[in-house]
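For reference, the chains in residue letters:
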Amino acid sequence: MALWKRFWLLGSVVWGVVCLLNAFTIVAFSEEGEAVKAWQPLALAVAVPALAWLLLWAYFRLRRR
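In this text, all values refer to a predicted model and were calculated from it rather than measured experimentally.

1. Some remarks on helix H2 (residues 39–64)
Along its 26 residues, H2 runs 38 Å from first to last C-alpha, staying within 8% of the 38 Å computed at 1.5 Å per residue. Every buried residue belonging to H2 is among Pro41, Ala45 and Pro49, and all of these are buried. On the buried face of H2, the contacting elements are helix H1 (3–29).

The following block contains the structure:
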């Protein structure tokens, strides 16, 4: 496995854990109607690593040529 993929995996796991902790904290300590705010960190937990993968993949793909 390439080094950038290992670092991406490590960063994604850390990012995901922090986002999940943030979302669970919002749900645990929010009022009844405010738990909807927890969807933003959950969406970011998926979107940011996916975008980082796409950008890194494109960079190393173009650099190889």
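2. Some details on H1
A rise of 1.5 Å per residue sets the reference length of H1, with its 27 residues, at 39 Å; its end C-alpha atoms lie 39 Å apart and thus fit the reference within 8%. Looking only at H1, the buried set comprises Trp4, Ser12, Gly16, Cys19 and Ala23. Where H1 is buried, its residues touch H2.

3. Some thoughts on the environment of Trp15
Relative to the helices and strands, Trp15 is located in helix H1. When the C-alpha atoms of Trp15 and Val36 are compared, they prove to be 20 Å apart, with 21 residues separating the residues in sequence. Trp15 has contacts with Leu44, Ala45, Val48 and Pro49, leaving out every residue within four places of it along the chain.

4. Thoughts on the environment of Phe29
Turning to its location among the elements, Phe29 is positioned in helix H1. Taking the C-alpha atoms as reference, Phe29 lies 21 Å from Trp15; in sequence the two are 14 residues apart.

5. Some thoughts on the packing of H1 against H2
The axes of two packed helices give the description: the angle between them and the distance between them. Interhelical geometry of H1 versus H2 gives an angle of 165° and a closest axis separation of 8 Å. Between H1 and H2, the interaxial angle falls into the category roughly antiparallel. In terms of crossing hand, the pair formed by H1 and H2 is right-handed. Residues Trp4, Lys5, Trp8, Ser12, Trp15, Gly16, Cys19, Leu20, Asn22, Ala23 and Ile26 of H1 form the contact with H2, whose participating residues are Pro41, Leu42, Leu44, Ala45, Val48, Pro49, Ala52, Trp53, Leu56, Trp57 and Phe60.

Conventions we followed
Residues numbered from 1 in each chain as written. Predicted model: local features only at pLDDT ≥ 70, side-chain atom pairs only at ≥ 80, totals over all residues. Heavy atoms only, no water. Helix = DSSP H or I, 4+ residues; strand = E, 2+ residues; numbered from the N terminus. Expected span 1.5 Å × (residues − 1). Buried < 20%, exposed > 50% of the residue type's maximum accessible area, 1.4 Å probe, protein only. Contact = heavy atoms within 4.5 Å. Axes fitted to C-alpha atoms, helices over the stretch in contact; angles between N-to-C directions. Parallel < 35°, antiparallel > 145°, perpendicular 65-115°, else oblique. Left-handed = near helix turned anticlockwise from the far one by under 90°.

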